[in-house]
Amino acid sequence: MGTYITTKRTMRKETMKTTTGTALPTGRGSRRIAASLLLLALLLAGGCRREPLVQQAQNVELRVSVDLEINTQAMWVKPQTPGLYRVLFFDPDTRQCVSEMFCGPNGGQVRGVKMGQAYDVVVYNDDAEYTRVTGDRNVGTITAYTEEMADDGRAADSRTDDSRLTVIRQPDHLLVARDSLVKIPLLTDRDTTIVINTFAKTILDSYYIEVDSLVGLANASSACIYLTGQCGSNLIAYDLRGTEEYALRIPCTVDAAGRRLYATFNTFGKLPGVEGLARVHIVVSGDGGRDYDFVRDITPQYERDDHRLILSVGDTISAPSQGGFSPTVDDWGEEEWDFDVY
């Protein structure tokens, strides 16, 4: 659903001032005076014109509708309701930002636009926790991204051929509305308000992932999933995903009784083609200090539309040994000590 413009009008009344003449005296001299006054009145009447009491108003109102429901088949994921939107108006010829404003979750009054002009309009929620926006001075460079993770993710990846990849933080939903050549009509009635209606939806994909058949999860102290073949950004004015590959870090829930790990996660999307080979690294830290890195290729599952990634590992997390943490005593000896008591 794109932008569409409507108008609303408030009826008003206009008044005109009128003048009333006074009684004219009688007599020949008086008739000459009356004729002169009548001629003067006719001349003045020809120069009068009707004016409205108040100058024309130029009101523009933005209304934002948003889709907050995302179905991953396994569960409904509902993004946080935005509390603040940022609205950018771009010149279609220069592509530069010429006006911007902030508004509430339902929209607000627009300022800084000209009647009769067309704009490229980009609207996005400005209260995301992890998703950042940069390059907002030009409609062709405004980009959403997330920051790189610290070394905790790379250490887990270093034992595989995916160690070259930068690990990025999981993005949170950015709700974006984008429309080209939105023209602000010329107004002839000061009581008409222009209403710009636009529709925002997320630029992210949401998935449910589950890793099962992991025996001995009760022996794990922590677990995390790393997913390769992921995009790291989005040109939000055109909904174009980045072309550089990243690994996405996905915190997960450990169900030791069910022998499984599971999580719902967001991503800018999978890279297309061979370059977007998607491998899952299931990194589990055992209580005994040993790290496990189970690697599985899940690229074929991305071809499905249900947004559910289910895989079986069938490996075992070993119980920790007692060496080093549970000291034992082989023999007891006796020692005698002399103390001076004062």
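See the structure above.
Everything numeric in this text was worked out from a predicted model, so none of it was measured. (Residues numbered from 1 in each chain as written. Predicted model: local features only at pLDDT ≥ 70, side-chain atom pairs only at ≥ 80, totals over all residues. Heavy atoms only, no water.)

Chemist: Quick rundown of the overall build of the protein chain? Include the residues and the values.
Modeler: Helices and strands together make up the secondary structure of the protein chain, namely two helices and 23 strands. Considering the protein chain as a whole, with its 342 residues, one finds that 41% of them fall into the buried category. When contacts within the protein chain are restricted to residue pairs at least 6 apart in sequence, those whose partners lie at least 24 apart make up 72%. Carbon and sulfur atoms provide 50% of the accessible area of the protein chain, an area that totals close to 20600 Å². (Helix = DSSP H or I, 4+ residues; strand = E, 2+ residues; numbered from the N terminus. Buried < 20%, exposed > 50% of the residue type's maximum accessible area, 1.4 Å probe, protein only. Contact = heavy atoms within 4.5 Å. Areas by Shrake-Rupley, 256 points an atom, 1.4 Å probe, with all protein chains shown as cover.)

Chemist: Give me the pattern of salt bridges: which residues, what numbers.
Modeler: Side-chain pairs of opposite charge can arise whenever the charged atoms involved come near each other. A complete count under the given rule lists nine salt bridges for this structure. The shortest N-O distance in the salt bridge between Glu100 and Arg86 comes to 2.8 Å. Highlighted residues: Glu100 in strand 6 (residues 97-103) and Arg86 in strand 5 (residues 85-90), separated in sequence by 14 residues. For Arg86, a relative accessible area of 11% translates into the label buried. In this structure, the salt-bridge partner of Glu100 is Arg137, at a minimum N-O distance of 2.7 Å. (Salt bridge = Lys/Arg side-chain N within 4 Å of Asp/Glu carboxyl O.)

Chemist: Describe the environment of Ala247, naming the residues involved and giving the relevant values.
Modeler: For Ala247, the position within the fold is in strand 18 (residues 245-251). When its relative accessible area of 0% is taken as the criterion, Ala247 is described as buried. Placed 16 residues apart in sequence, Ala247 and Cys231 show a C-alpha to C-alpha distance of 8.4 Å.

Chemist: Residue-level account of unusual backbone geometry, with values.
Modeler: Of note in the backbone geometry, Arg95 takes a positive phi value of approximately 65° without being a glycine. Overall, Arg95 belongs to the partly exposed group, its relative accessible area being 35%. Here the phi dihedral of Asp239 falls at roughly 55°; this positive angle occurs in a residue that is not glycine. Mapping Asp239 onto the fold places it in the loop between strand 16 (233-235) and strand 17 (240-241).

Chemist: Which residues make up the sheet that holds strand 14 (residues 205-212), and what values go with them?
Modeler: With mixed pairing, the four strands of this open sheet are ordered in space as 19-20-14-23. Taken across any chain shown, the strands that pair with only one partner, and hence form the sheet edges, are strand 19 (253-255) and strand 23 (308-312). Going from strand to strand, the sheet's axes swing by 15° on average, the running direction of each strand aside. Bridging between strand 14 and strand 20 (residues 260-267) involves seven bridges; their strand directions are antiparallel. When the bridges of strand 20 are listed, Val211 appears paired with Leu261. (Pairing = 2+ DSSP bridges. Axes fitted to C-alpha atoms, helices over the stretch in contact; angles between N-to-C directions.)

Chemist: I'd like a description of the sheet that holds strand 16, backed by residues and values.
Modeler: With respect to topology, four strands assemble into an open sheet ordered 9-10-16-17, the strand pairing being antiparallel. Every interior strand has two partners, whereas the edge strands, strand 9 (132-134) and strand 17, have only one. As paired strands, strand 9 and strand 10 (residues 143-145) are joined by three bridges and run antiparallel to one another. Each residue of the ladder has a partner; that of Thr134, found in strand 10, is Thr143.

Chemist: Would you mind going over the side chain of Glu245 in detail, with residue names and values included?
Modeler: Relative to the assigned elements, Glu245 resides in strand 18. Assessed through its relative accessible area of 15%, Glu245 is described here as buried. At 3.0 Å, the side chain of Glu245 forms a polar contact with the backbone nitrogen of Gly229. (Polar contact = N/O pair within 3.5 Å; in protein donor to acceptor, adjacent residues only side chain to side chain.)

Chemist: Can you break down the packing of aromatic side chains residue by residue, with the values?
Modeler: By the definition in use, this model includes two aromatic pairs. Ring geometry for Phe89 and Tyr119: centres 5.8 Å apart, planes at 80°, overall edge-to-face. Remark: Tyr119 occurs in strand 8 (residues 118-125) and Phe89 occurs in strand 5; sequence separation between them is 30 residues. Measuring from ring centre to ring centre gives 5.6 Å for Tyr207 and Phe265, while their planes differ by 15°; the resulting arrangement is stacked. Placement of Tyr207 in strand 14 and of Phe265 in strand 20 is noted, with a sequence separation of 58 residues between them. Phe265 shares its class with Tyr207; the two are buried. (Phe/Tyr/Trp six-rings, centres within 6.5 Å; stacked < 30°, edge-to-face > 60°.)

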